[in-house]
Amino acid sequence: AEFVFFKADLSEKSYLQSKLWQDDNWLKPIVHGLAQSGKYCQVPKLTLLENIYQLETHLNVTPRPYLLSPLSSQSLLDTDPLTSVIVSFLFGPERGLSERDLLFLEQFKLPEIKISSSILRVENALVAAAAQMEMLRRFSETPLQPNNS
């Protein structure tokens, strides 16, 4: 999986300067979490973009991007993300995307998905997206059987 964070018009200006992104500080909690999983061992790719316009270059090489949007009527259940080895989630700002950001993104025709009816903090959105991918993987291995009682 890949997680792409980008700075948009309504982003918190200091977010990309967080100590979390310096010296791979984000990596340690991810590695500890993976070690606890007992199953997954591949660290997701993390991409930080200084501005939304850098997405243009990035999206040309990203095999399966999804834009997280609380306004979307689609969820991961309505897509087929497991057909790709790499799935990318594009995380925008908690305050939403401006009209200018939305106009720019329209050209890519990105599938928008909603992972929650609520607007989530970025770190919670990341966990929610990962949990939903895990659920889909589990159900693809053992589909639910109808209850005939």
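Residues numbered from 1 in each chain as written. Predicted model: local features only at pLDDT ≥ 70, side-chain atom pairs only at ≥ 80, totals over all residues. Heavy atoms only, no water.

Quick word on the overall build of the chain
Phase 1: When you go through the chain residue by residue, the secondary structure sums to four helices and five strands.
Phase 2: Its helices and strands in sequence order give the chain the pattern β-α-β-α-β-β-α-β-α, from N to C terminus.
Phase 3: Long-range pairs, those at least 24 residues apart, make up 74% of the contacts in the chain between residues at least 6 apart in sequence.
Phase 4: Working note: accessible area of the chain is about 9,700 Å², and carbon and sulfur atoms make up 54% of it. (Helix = DSSP H or I, 4+ residues; strand = E, 2+ residues; numbered from the N terminus. Contact = heavy atoms within 4.5 Å. Areas by Shrake-Rupley, 256 points an atom, 1.4 Å probe, with all protein chains shown as cover.)

Considerations on helix H3 (residues 99-106)
Phase 1: Inspection of H3 places Asp101, Phe104 and Leu105 among the buried residues, and these make up the whole buried set. Each buried residue of H3 lies within a common arc of 95 degrees when the element is viewed along its axis, so the set occupies one face. Opposite the buried face of H3, by more than 90 degrees, sit the exposed residues Glu99, Leu103 and Glu106.
Phase 2: Elements in contact with the buried residues of H3: helix H2 (55-59) and strand S3 (65-68). (Buried < 20%, exposed > 50% of the residue type's maximum accessible area, 1.4 Å probe, protein only. Arc of directions from axis to C-beta.)

Structural notes on the sheet that holds strand S2 (residues 45-49)
Phase 1: Taken together, five strands build an open sheet; the order of strands is S2-S1-S4-S3-S5 and the sheet is parallel. Of all the strands in the sheet, the pair left with one neighbour each is S2 and strand S5 (112-113).
Phase 2: Across four bridges, strand S1 (residues 2-6) lies against strand S4 (residues 88-91) in parallel orientation. Opposite Glu2, over in S4, you have Ser88 as the bridge partner. (Pairing = 2+ DSSP bridges.)

As for the environment of Leu48
Phase 1: With respect to the element layout, Leu48 can be found in strand S2.
Phase 2: Taking the relative accessible area as the measure of exposure, Leu48 reaches 32% and is therefore partly exposed.
Phase 3: Measuring from C-alpha to C-alpha, the distance between Leu48 and Val4 comes to 6.0 Å, with 44 residues separating the pair along the chain.
Phase 4: Discounting chain neighbours no more than four positions away, the residues touching Leu48 are Phe5, Leu16 and Trp21.

Some remarks on the packing of aromatic side chains
Phase 1: Applying the stated criterion across every chain, the model contains five aromatic pairs.
Phase 2: Ring geometry for Tyr15 and Trp21: centres 5.9 Å apart, planes at 70 degrees, overall edge-to-face.
Phase 3: Its relative accessible area of 13% is what places Trp21 among the buried residues.
Phase 4: On the numbers, 4.7 Å between centres and 75 degrees between planes, the contact of Tyr53 with Phe104 is edge-to-face. With a gap of 51 residues between them, Tyr53 in the loop between S2 and H2 and Phe104 in helix H3 connect regions that are remote in the sequence.
Phase 5: On the accessibility criterion, Phe104 (11% relative accessible area) is buried.
Phase 6: One aromatic cluster is present, built from ring pairs that chain together Phe5, Tyr15 and Trp21. (Phe/Tyr/Trp six-rings, centres within 6.5 Å; stacked < 30°, edge-to-face > 60°.)

As for the side chain of Ser72
Phase 1: Within the element layout of this structure, Ser72 appears in the loop between S3 and S4.
Phase 2: Of the polar contacts made by the side chain of Ser72, one reaches the backbone nitrogen of Gln74; its length is 3.0 Å.
Phase 3: Those residues in contact with Ser72 that lie beyond four places of it in its chain are Glu112, Ile113 and Lys114. (Polar contact = N/O pair within 3.5 Å; in protein donor to acceptor, adjacent residues only side chain to side chain.)

Things to note about the environment of Ala8
Phase 1: With respect to the secondary-structure elements, Ala8 resides in the loop between S1 and helix H1 (27-37).
Phase 2: Between the alpha carbons of Ala8 and Glu50 there is a distance of 8.7 Å; along the sequence they are 42 residues apart.
Phase 3: Contacts of Ala8, omitting those with residues within four sequence positions, involve Lys13, Ile52, Pro93, Leu97 and Asp101.

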